[in-house]
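Here's the letter readout for the chains.
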There are 2 protein chains.
Amino acid sequence: MIRVGIYGYGNLGRGVESAIRQNDDMELVAVFTRRSPESVKIRTQGVAVCHADDIEGYKDKIDVLILCGGSATDLPVQTPEMAKHFNVIDSFDTHARIPEHFENVNASAKESGKIAIISVGWDPGMFSLMRAYGLAILPEGRDYTFWGKGVSQGHSDAIRRVEGVLDGKQYTIPVDSALDAVRSGANPNLTVREKHIRECFVVAKEGADKARIEKEIKEMKNYFADYDTTVHFISKEELDRDHSGIPHGGFVIRSGKTGLNGENNHIIEYSLKLDSNPEFTSSVLVAYARAAYRLNSEGQSGCKTVLDIAPSYLTQATKEELYKTLL
Amino acid sequence: MIRVGIYGYGNLGRGVESAIRQNDDMELVAVFTRRSPESVKIRTQGVAVCHADDIEGYKDKIDVLILCGGSATDLPVQTPEMAKHFNVIDSFDTHARIPEHFENVNASAKESGKIAIISVGWDPGMFSLMRAYGLAILPEGRDYTFWGKGVSQGHSDAIRRVEGVLDGKQYTIPVDSALDAVRSGANPNLTVREKHIRECFVVAKEGADKARIEKEIKEMKNYFADYDTTVHFISKEELDRDHSGIPHGGFVIRSGKTGLNGENNHIIEYSLKLDSNPEFTSSVLVAYARAAYRLNSEGQSGCKTVLDIAPSYLTQATKEELYKTLL
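No experiment lies behind these values; they were computed from the predicted model shown.

Thresholds, definitions, all that
Residues numbered from 1 in each chain as written. Chains lettered and ligands numbered in written order. Predicted model: local features only at pLDDT ≥ 70, side-chain atom pairs only at ≥ 80, totals over all residues. Heavy atoms only, no water. Contact = heavy atoms within 4.5 Å. Buried area = accessible area lost by both parts, 1.4 Å probe. Salt bridge = Lys/Arg side-chain N within 4 Å of Asp/Glu carboxyl O. Helix = DSSP H or I, 4+ residues; strand = E, 2+ residues; numbered from the N terminus. Expected span 1.5 Å × (residues − 1). Buried < 20%, exposed > 50% of the residue type's maximum accessible area, 1.4 Å probe, protein only. Polar contact = N/O pair within 3.5 Å; in protein donor to acceptor, adjacent residues only side chain to side chain. Core = buried A, V, L, I, M, F, W, Y, C linked by side-chain atoms within 4.5 Å. Pairing = 2+ DSSP bridges. Axes fitted to C-alpha atoms, helices over the stretch in contact; angles between N-to-C directions.

Draft legend 1. Structural view of the interface of chain B and chain A. Each partner contributes to the interface: chain B provides 66 residues, whereas chain A provides 66 residues. Across the chain B to chain A interface the summed buried area is about 6,000 Å²; carbon plus sulfur atoms make up 63%. Where chain B meets chain A, there are two salt bridges. Close ionic contact of K319 of chain A with D308 of chain B constitutes a salt bridge, the shortest N to O distance being 3.4 Å. At the level of secondary structure, the elements contributing two or more residues to the side of chain B that touches chain A comprise α1 (11-21), α3 (98-112), α4 (126-137), β12 (248-258), β13 (264-274), α10 (277-297) and α11 (319-325) of chain B.

Now the structure itself:
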């Protein structure tokens, strides 16, 4: 049994908790929180909830620690710190800062002799893998990543910060005509606006100026100004009833040419349609936790990404079973 | 520069020849054939065409040998034999015999200290990878593989063996309603007949009994009897004009559930739409040739499959570049 710890118990931590139950070579040992442990109710009987300050006492009781904090402020500190004592997995997703995060985590993990796998999930994660495979197979080509339809947490937060807004949800939606153009092999140049639209469902406070709210959302720099954005005002009841889920998904498409004169076209398309973004991300984290455990058992150490890990490390099956059943 | 040799110069060998030109860290050193070398015209100037019997003279001149023979009789002999002297790649695709082929090739490659990567292409190959990733991420789920629309070489050959048939092509076509049922998350049980239809374009010899030909094709065991098959009689001119390409493709779909009560559904779909089946397969072979060279340069030896190779070995880019641009 691979003994797993969860650090941070939000949506992602809860997703990891349920994903572990689907993998019978794993057991959840403890959940660590920075809140008061008594205030955290988890859904697995008999598993300890501990304060994060007490984690070093679990050094010999946990094979892999899955870090479920946020990328803005939690993981840049927690992953290098925890890699001093544990094999760790994180879902660090600030793309521009991945090389820096890698260096910090690698230094810790090399020194401790542990394995750390960073930026695990679907983007970065499975989508990164698909971009790499596509580039490798069709070097004369282009890749396109589309996100959605799905809820963007960052954009939903931005809506809720607008004055007069009680609550809100934002959906990122790929533009069908752009997807079709890419699938045709035309290798179009697409602007930000041409690739995605943004749809907002907003609950306004009583008496708020809806015209002003709509204008402020649509003109918000870095979030909405570069997109065609629609704003729907709905009631709190409607929001809770129709928009409480956290679905997401997207597409990575590689379009490339082969032949002496580039006469043949090829389209590789990978798509995800996810009812629950955090639960899917958690499921990827758990598969890579298995890889971290195995790599470290082989004596490897240091920081890795999904690009550095052979697929055969990810499943419960032995290599022989995989050759027989999946090849 | 990675020095590459091609063994066997049919559709696949020609595909490898053109794929190498798209990878500027590689050069084609020689093409080996069992035919008379003078009779083989290749499309790259200044590259030797040699008889297969002379290949051992190239031991120190070739970093990776790409085997482009067939799975029925060529590769079971050639891959273990060539792995005694070279790092090798093959596209062995007789799924049921892969474990046996692996053992034979592994014994040779372990002894010689070379790397062999077998069953490279898209199925087995990229589709195998997708089945493995899907299983790892969504263990409570099912995968579905569909092929087509595309030309099946084996089924086209079978048509041409029917008495009275001058020429013919067979297309394997996935059934849309089956694809839709899988994409819905319903996890249907699908029979062979429900997944694919087979469409045949046949040129009959003058005076041949077309009704008998159609009946013989439709009732042919192991090839057509289990499918809904349509047969179109066309002229040789029409066949050459409209059906000379070798397109193919297909879908691997993983449908799985997460959540404490399996309440959330997720669909992972990978699809290929290929103008040229052999050129795409060749492009995958060339990417894995790079991996074979790198793994052997690191001191590794023995037989591998696509499941055993980390994606970062496949592209020209360094790991640092990949982290920066693709993660």
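Anyway, onward from the coordinates.
Draft legend 2. Representation of helix α10 (residues 277-297) of chain A within the structure. Residues and elements named next belong to chain A. In a regular helix each residue adds 1.5 Å, so 21 residues correspond to 30 Å; α10 covers 31 Å between its end C-alpha atoms and thus fits that length. Within α10, 18 of the 21 residues are buried, leaving the element largely enclosed by the surrounding structure. The N-cap residue of α10 is S276: its side-chain oxygen and the backbone nitrogen of E279 are 3.1 Å apart.

Draft legend 3. Structural context of the nonpolar core. Ranked by internal contacts, the top residues of the largest apolar core, which has 160 residues, are I89 and Y288 of chain A together with I89 and Y288 of chain B. If sequence neighbours within four positions are ignored, I89 of chain A has contacts with V64, L65, I66, L67, I117, V120, L285, Y288, A289 and A292 of chain A.

Draft legend 4. Region of the structure containing the sheet that holds strand β10 (residues 196-204) of chain B. Residues and elements named next belong to chain B. Taken in spatial order, the four strands of this open sheet run β8-β9-β10-β11, and their pairing is mixed. Single-partner strands in this sheet number two, and they are β8 (150-151) and β11 (228-233). Relative to β10, strand β9 (residues 165-174) is paired through nine bridges, and the arrangement is antiparallel. The residue of β10 that forms the bridge with T172 is R198. Docked against the sheet, helix α5 (residues 153-160) engages β8, β9 and β10, running at close to 145 degrees with respect to β9.

Draft legend 5. Looking closely at the sheet that holds strand β6 (residues 115-117) of chain A. All names here are of chain A. Reading across the sheet, the seven strands line up as β3-β2-β1-β4-β5-β6-β14 and stay open at both edges, with parallel pairing between neighbours. Here the strands that pair on one side only, and so sit at the sheet edges, are β3 (48-51) and β14 (302-304). Neighbouring strand axes in the sheet, compared pairwise and without regard to direction, differ in orientation by 25 degrees on average. Sheet topology places strand β2 (residues 26-33) next to β3; four bridges connect them, and they run parallel. If you follow T33 over to β3, its bridge partner there is H51. The strands touched by helix α3 (residues 98-112) within the sheet are β6 and β14, with β14 carrying the most contacts at an inclination of about 140 degrees.

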